[in-house]
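Results of the structural survey
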Amino acid sequence: MEQEDHAAFETRTVTEGEDPFRVGSEAGDVATPIHLASTFALPGLDTDLSLENVDPDRGEFLYSRLSNPTRHALEKRLASLEGGEHAMAFSSGTAAIFTTMLSCVEPGDHIVAGDDLYAGTRRMLESVFRDRLDVAVTFVDATETASVEDAVTDETAFIWMETPTNPRMTLCDVRAIANIADSYDTSFGVDNTFASSYFQRPLELGADVVAHSTTKYLNGHSDSVGGAVITSDDDLAEEIAFLQQVGIGDMLAPFDSYLVLRGLKTLSLRMRQHETNAMAIAEYLEDHEAVSAVHYPGLESHPQHSLARRQMDGFGGILSFELAGDLEDAKRFLEALEEFTLAVSVGGVESLIEHPAAMTHEPVPRQEREAIGITDTLIRVSVGVEAPEDLLADLERGFEAIQKPTTTADDD
């Protein structure tokens, strides 16, 4: 049942990595089983002790930290969907990003990163790489490719970008930055979580390595935390795998690997509905008098709409918008909603909504938040797959809560 590389994306989300008649299987199960074993029996002693020379027909698996059949099936599928040769699955997206960066830099090196990043990634760069590992870090406005090029020096060992970004949904030109990285012989990584492999594949645009929080769209059901790294660079893959298996010992557990494998089977279907619903909501918000700005690449008003059309196959299911009010208006709006759940994270089938300044990006100092456009009235939405009319009615409920005057004792 294993598919050739030329099979369509939708087909590979369902069947890539599945092998009912794999070695050791007797049942012919069409879904990869959850292999909970921590260690695996070998058919005999191989006097060549190099793990690289293990014969798959004699026993591919030795110990689950090194490799596990369920995780192996997931990694094979992830590599295929991103158009890469190697994939490694981790216990979280943060672990995946950290291991990738650690594989690319050493003390004295320099990292260039976009300034509009997930707050956890920014804190990692500042508190771990800069403050503890003696790696210089420069944050730049990555929407301007020239700003990226101006920041790169001969000491730059790694360039790191998100596109679209969290939470303002800005884009960087992946192909243009890849060319800059090549000219400086620098590794270039992209967090592709918000777009998913369905809508964007940075390796095809020249990136060296791609990371995902599998917690989000790849799993899609808000019931598993994980991360993944995909690359076609053999040397980089070897270094990441070494750190994953030996240096750090961080891997995705078999049960979570199974959950992501299951979630990926409906990735194409889910992403199409996420996008349809997000577009309907973005257009509704753009016309609403209580909204001062909408950030969604699918809108023609988005300053990088043309770039999104060039490097993406769609616009995704996440957007953010600015209320034309103050912090109290944002609070009343959010607390009035019934269909949207007030919660961090994105990418699940259910619609989630959050306030970046008070939630995901609260650790970022106010001055830095405001410099990149994260105001007290910015709201981020992860649009689910519910009926769009119910979601729109819920948003209207929130706007009514803003417009409704507060009742006081004097009014009674």
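Residues numbered from 1 in each chain as written. Predicted model: local features only at pLDDT ≥ 70, side-chain atom pairs only at ≥ 80, totals over all residues. Heavy atoms only, no water.

A closer look at a nonpolar patch on the surface
The line we're drawing: Think of a patch as exposed residues, more than 30% relative accessible area, with no salt bridge, where like charges cluster within 9 Å and nonpolar side chains (Val, Leu, Ile, Met, Phe, Trp, Tyr) cluster within 5 Å. Throughout, the Shrake-Rupley method with a 1.4 Å probe supplies accessible areas, and for residues the shown protein chains are the sole cover considered. Every case where a carboxyl oxygen of Asp or Glu lies within 4 Å of a side-chain nitrogen of Lys or Arg is listed as a salt bridge. Going along the chain from the N terminus, every DSSP run of H or I of four or more residues is numbered as a helix, and every run of E of two or more is numbered as a strand.
Taken together, I34, L36 and F255 make up a surface patch of nonpolar side chains, about 300 Å² in accessible area. Of note, F255 is situated in helix 10 (residues 254–264).

Structural notes on the side chain of T32
Heads up, the condition is: Note on exposure labels: buried denotes an accessible area under 20% of the residue type's maximum, exposed denotes more than 50%, and partly exposed covers the range between, all computed with a 1.4 Å probe on protein chains only. Within 3.5 Å is the distance limit for a polar contact, defined as a pair of N or O atoms, with the added protein rule that one can donate a hydrogen and the other accept it, and that residues adjacent in sequence qualify only through two side-chain atoms.
Relative to the elements of secondary structure, T32 occurs in the loop between helix 1 (9–15) and helix 2 (56–59). With relative accessibility at 7%, the residue T32 sits in the buried group. Engagement of the side chain of T32 in a polar contact is seen with the side chain of E18, the distance being 2.7 Å.

What to know about the packing of helix 11 (residues 267–286) against helix 15 (residues 388–403)
Heads up, the condition is: A fitted line through C-alpha atoms represents every axis, and for helices the fit uses only the stretch in contact; the resulting angles, taken between N-to-C directions, go from 0 to 180 degrees. Crossing handedness follows the turn of the near helix against the far one: under a right angle anticlockwise gives a left-handed crossing, and clockwise gives a right-handed one. Here, residues are in contact when the closest pair of their heavy atoms is within 4.5 Å. Amino acid classes used here: Ala, Val, Leu, Ile, Met, Phe, Trp, Tyr, Cys and Pro are nonpolar; Asp, Glu, Lys and Arg are charged; the rest, including Gly, are polar.
At their nearest, the axes of helix 11 and helix 15 sit 10 Å apart, and the two run at 30° to each other. As helix 11 runs across helix 15, the sense of the crossing is right-handed. Taking contact as the criterion, the partners of N277, A280, I281, Y284 and L285 in helix 11 are, on helix 15, P388, L391, L392, L395, E396 and F399. Residues that form the contact of helix 11 with helix 15 fall into these classes: 9 nonpolar, 1 polar and 1 charged.

Observations concerning helix 3 (residues 69–82)
The following threshold applies: Take the residue count of a helix, subtract one, and multiply by 1.5 Å to get its expected span.
Helix length check: helix 3 (14 residues) gives 20 Å between terminal C-alpha atoms against 20 Å at 1.5 Å per residue, within 8%. Helix 3 sits mainly inside the fold: 12 of its 14 residues count as buried. The complete set of buried residues in helix 3 reads P69, T70, R71, A73, L74, E75, R77, L78, A79, S80, L81 and E82.

Looking at helix 11
Between the first and last C-alpha of helix 11 there are 28 Å, a value that for 20 residues agrees with the 28 Å anticipated at 1.5 Å per step. Turning to helix 11, its buried residues are L267, S268, R270, M271, H274, E275, N277, A278, M279, I281, A282 and L285. On its buried face, helix 11 is in contact with helix 1, helix 8 (196–199), helix 10, strand 8 (291–295), strand 9 (318–323) and helix 15.

Comments concerning a negative patch on the surface
Put simply, the rule is: Think of it this way: Lys and Arg go in the positive column, Asp and Glu in the negative one, and His and the chain ends go nowhere. For the purpose of locating charges, the reference atoms are NZ of Lys, CZ of Arg, CG of Asp and CD of Glu.
Taken together, the side chains of E85, D233, D234, D235, E238 and E239 define an acidic patch exposed on the protein surface. Residue position: D233 is located in the loop between strand 7 (227–231) and helix 9 (234–247). By relative accessible area, which is 32% here, D233 ends up partly exposed.

So, the sheet that holds strand 11 (residues 352–354)
As a reminder, the rule being used: DSSP bridges decide pairing: two strands pair if at least two such bridges lie between them.
With respect to topology, 5 strands assemble into an open sheet ordered 8-9-12-11-10, the strand pairing being mixed. The open sheet has two free edges, formed respectively by strand 8 and strand 10 (341–342), since each of these has just one partner strand. Where strand 8 lies against strand 9, 4 bridges are found, and the strand directions are antiparallel. In the sheet register, H295 faces strand 9, and the bridge partner there is S320.

Overview of unusual backbone geometry
Trans peptide bonds make up the majority, and among non-glycine residues the majority have a negative phi. At the junction of T163 and P164, the peptide bond is cis and its omega measures out at -10° in the coordinates. Among the structural elements, P164 can be located in the loop between strand 4 (156–162) and helix 7 (174–183). A cis geometry characterises the amide bond from N166 onward to P167, with omega recorded as 15°. Mapped onto the elements, P167 comes out in the loop between strand 4 and helix 7. In this structure, D185 is a non-glycine residue whose phi angle is positive, near 55°. Its place among the elements puts D185 in the loop between helix 7 and strand 5 (187–191).

Section: the pattern of salt bridges
In this structure the tally under the stated criterion is 19 salt bridges. The salt bridge involving E335 is made with K331; its shortest N-O contact spans 2.7 Å. Here K331 and E335 lie together in helix 13 (residues 327–336), a separation of 4 residues that amounts to about one turn. On the basis of relative accessible area, E335 is assigned to the exposed category, the value being 54%. In this structure, the salt-bridge partner of D376 is R366, at a minimum N-O distance of 3.3 Å. Here D376 is found in the loop between helix 14 (366–371) and strand 12 (378–382), whereas its partner R366 is found in helix 14, with 10 residues between them in sequence. Classification of R366 as partly exposed rests on a relative accessible area of 43%.

A short note on the nonpolar core
Defined as follows: To qualify as a nonpolar core, a set must consist of buried Ala, Val, Leu, Ile, Met, Phe, Trp, Tyr and Cys residues joined through side-chain atoms within 4.5 Å.
Ranked by size, the top nonpolar core spans 58 residues in total, and within it L285, L319, F321, F333 and F399 carry the most contacts. Considering every element that reaches this core, the biggest residue donor is helix 11, with 7 residues. Counting residues in hydrophobic clusters, the runner-up holds 26 residues, among them W160, V209, V229 and A237.

Some remarks on the pairing of strand 3 (residues 136–140)
Looking at chain direction, strand 2 (residues 110–114) and strand 3 are connected through 5 bridges and run parallel. Each bridged residue has a counterpart across the sheet, and for V112 the counterpart in strand 3 is T138.

A word on the packing of helix 4 (residues 93–104) against helix 5 (residues 119–130)
Quick note on the threshold: Any angle between 65 and 115 degrees counts as roughly perpendicular, while under 35 counts as roughly parallel, over 145 as roughly antiparallel, and the rest as oblique.
It is at 11 Å that the axes of helix 4 and helix 5 come closest, and there the two elements cross at 45°. Considered as vectors, helix 4 and helix 5 are oriented oblique to each other. Seen from above, helix 4 lies across helix 5 with right-handed handedness. Residues T94, I97, F98, M101 and L102 of helix 4 touch helix 5, and the partners they reach there are T121, M124, L125, V128 and F129.

Focus on the sheet that holds strand 1 (residues 86–90)
Picture the strands of a sheet paired through backbone hydrogen bonds; they go either parallel or antiparallel. The 7 strands are arranged 1-7-6-5-4-2-3 in an open sheet whose pairing can be described as mixed. Each end of this open sheet is capped by a strand with a single partner; those strands are strand 1 and strand 3. Each strand axis lies, on average, 20° off the axis of its neighbour in the sheet, ignoring direction. Judged from the 5 bridges that link them, strand 1 and strand 7 form a sheet pairing that is antiparallel. Residue pairing in the sheet places M88 in a bridge with V229 of strand 7. Its contacts with the sheet put helix 9 on strand 1, strand 6 (209–213) and strand 7, and the angle it makes with strand 1 is roughly 20°.

Bear in mind that shape data such as this cannot, by itself, settle questions of function.
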